Amino acid sequence: MQYLIGALLAFIAAAPIFFFCGIFYRKRVAEKEIGSAEEQAKKIVEDASREAEAKKKEALIEAKEEILRSKNEADREIKERRNEVSRLERRITQKEETLDRKTEALERKDEQLNKKLQENDQLREEIKGVLAEHTATLERLSGITAEEAKDELICRMESEVKHELAQRLDELESQFKEEADDRARNILSLAIQRCAADHVAETTISVVPLPNDEMKGRIIGREGRNIRTFETLTGMELIIDDTPEAITISGFDPVRREVARIALEKLISDGRIHPSRIEEMVEKARREVDAVIKQAGERATFEVGIHGLNHELVKLLGRLKFRTSYGQNILKHSTEVAYLSGIIANELGVDANLARRAGLLHDIGKAMTQEVDGSHVEIGVDIARKYRENKDVIHAIEAHHNDVEPRSIVAVIVQAADAISAARPGARREDLENYIKRLQKLEEISCSFEGVEKAFAIQAGREIRIMVKPESVTDEGMKLIAREIAHKIESELEYPGQIKINLIRESRAVDYAK
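Please read these numbers as outputs of a predicted model, since none were measured by experiment. (Residues numbered from 1 in each chain as written. Predicted model: local features only at pLDDT ≥ 70, side-chain atom pairs only at ≥ 80, totals over all residues. Heavy atoms only, no water.)

1. Structural notes on the sheet that holds strand E3 (residues 246-250)
The following threshold applies: Whether two strands pair depends on DSSP finding at least two bridges between them. A run of H or I in DSSP becomes a helix once it reaches four residues, and a run of E becomes a strand once it reaches two; helices and strands are each numbered from the N terminus. The angle between two axes is taken between their N-to-C directions and runs from 0 to 180 degrees, where each axis is a line fitted to C-alpha atoms and a helix contributes only its stretch in contact.
Spatially, the three strands line up as an open sheet ordered E1-E3-E2, and their pairing is antiparallel. The strands lining the two open edges of the sheet, one partner per strand, are strand E1 (207-209) and strand E2 (237-239). Strand after strand, the sheet turns through a mean of 30° between neighbouring axes, direction not considered. When E1 meets E3, the two strands line up antiparallel, connected through three bridges. Paired with Val207 across the two strands is Thr248, which belongs to E3.

2. What about a nonpolar patch on the surface?
Selection rule: Each patch is built from salt-bridge-free residues with over 30% relative accessible area, joining like charges within 9 Å and nonpolar side chains (Val, Leu, Ile, Met, Phe, Trp, Tyr) within 5 Å. Using a 1.4 Å probe, accessible areas were evaluated by the Shrake-Rupley method; residue-level cover was limited to the displayed protein chains. Throughout this description, the term salt bridge denotes a Lys or Arg side-chain nitrogen within 4 Å of a carboxyl oxygen of Asp or Glu. Only protein chains enter the accessibility calculation, which uses a 1.4 Å probe. A residue is then buried if its area is under 20% of the maximum for its type, exposed if over 50%, and partly exposed in between.
Taken together, the side chains of Ile5, Leu8, Leu9 and Ile12 present a nonpolar region at the surface, about 400 Å² in accessible area. A relative accessible area of 54% places Leu9 in the exposed class.

3. Describing the side chain of Arg356
The line we're drawing: The positive count covers Lys and Arg only, the negative count covers Asp and Glu only, and His and the chain ends enter neither. Here a residue-residue contact requires only that any non-hydrogen atoms of the pair lie within 4.5 Å.
Counting through the fold element by element, Arg356 comes out in helix H9 (residues 352-361). At 6.9 Å, Asp351 is the nearest oppositely charged side chain to Arg356, a buried residue that forms no salt bridge. Aside from chain neighbours lying at most four places away, what touches Arg356 is Val304, Gly305, Ile306, Ala338, Ser341 and Gly342.

4. With respect to helix H10 (residues 376-386)
Since the α-helix packs 3.6 residues into each turn, any two residues three or four apart lie on the same face. For H10, the full list of buried residues reads His376, Val377, Ile379, Gly380, Val381, Ile383 and Ala384. Elements in contact with the buried residues of H10: helix H7 (311-319) and helix H11 (391-399). Once H10 ends, the next one or two residues include Arg388, with phi positive near 55°.

5. Observations regarding helix H4 (residues 225-234)
Rule in force here: What the arc measures is the spread of directions leading from the helix axis to the C-beta atoms.
Every buried residue of H4 is listed here: Asn226, Ile227, Thr229, Phe230 and Thr234. All buried residues of H4 lie within an arc of 160° about the axis, which places them on one face of the element. On the buried face of H4, the contacting elements are helix H3 (214-220), E2, helix H5 (254-270) and helix H6 (275-304). Looking one or two residues beyond H4, the residue adopting positive phi is Gly235, at roughly 75°.

6. Side note on the side chain of Ser341
Within the element layout of this structure, Ser341 appears in helix H8 (residues 330-348). With a relative accessible area of 0%, Ser341 lands in the buried category. Those residues in contact with Ser341 that lie beyond four places of it in its chain are Ala355, Arg356, Gly359, Ile413, Val414 and Ala417.

7. Some thoughts on the pattern of salt bridges
On inspection of all chains with the given rule, the structure shows 18 salt bridges. Close ionic contact of Glu265 with Arg261 constitutes a salt bridge, the shortest N to O distance being 3.0 Å. Placement of both Glu265 and Arg261 in helix H5 is noted, with a separation of four residues, approximately one turn of the helix. A salt bridge links Arg357 to Glu389, with the shortest nitrogen-to-oxygen separation between them at 2.8 Å. Of this pair, Arg357 sits in helix H9 while Glu389 sits in the loop between H10 and H11, and the two are 32 residues apart along the sequence.

Here is the structure:
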């Protein structure tokens, strides 16, 4: 036990010594490692410095080379610029010398010209004197003055020119007629023969039949509320009079009139007539008419073979189904003009598709004449431009009533097809008053010319027969009078087709046997 305690005491006494020895040893090892790291760091720093110095020298060398290269390029460019400036200076100098020489030459010519002008002035004065002497001599010998001789010469020349002009017109007309009449007649007769469109439109229905007269009271409603609602919604006027079992729909817009007709027929067949039901039926009728309009436009484009037409233009075409002109349905008229234009274009070797397109759209403005101010030609041109139609189609629309002179063969074809469709028998019916006024205007225009004795409009206004005074109008002068009358009729009258001007000169000798 004593030994154990002694050993323990000895260990306790030696422990501090061993601790301090370990600390000293670790310190020495750490100092060695720190010294080694410092040496290594110094070595790295020295290596980095040497490498940086080398790269710095390389960068300086490259910069010097770049500066030298830029300097050489700048010197070369400056040299080229100097050479160019020198060349331009030489050219300017040469041009100045040339200009100086030309200026001198012009001055010399100017001097020569002034001399010649002076000589001409002298000669002119001499000629005037000689002419005055000759004129006085001629007046003394002839017994008339110069003005009288001039007037006589002008009268003689006018007579000769008129005679030659009439003969030349006669020759040209004969020549052109021989070549053009047969060809035009063949083309137009072929076009008319192959065209299958109807002539006259159906009459727009404006009278709705009733099952009995009791229905009139139901349509009017209590205190007239039903009829007021109907007229407000449709924009039409219902005329309920003593006509048995019928109501008349009155209004200028054919589309709205058709909506009113369909709605009224639906209300009559349904039997329930009150404001809310009227509103429902009018809206349903409006949708049906819109569908009919769209289908009519699509059918027209399909029939004539036109594709790629703007859908708004197709709708406007469908609206023409409810428009008429002198009793002729405009949609059928437009379809017929498209057919005729395509046939004529094929015969003449022109683009038939373009001609059909222009023919179909030539009256498109009539779809909007109830809503927009202006003629149907102006409206049609605006519509075609709005939907970016072909410029030839726009020009054909603009020229089909001679509002402007036709500048393309397609415009002329559409003009001819429009006249064929409108002018042939049965195609249109005119208002009697307008018809009589046109005939009276024809006779009035014809009688306004000097030398015309009487004029008679015949053949329903297709021909004007004119009697001239034989003592005032010669055979050659008749050609000129006929052409002048035709031009005046074209400028002052609107008419379908063409009018034949037929002049008659009759010489009579009267004597009596006694």
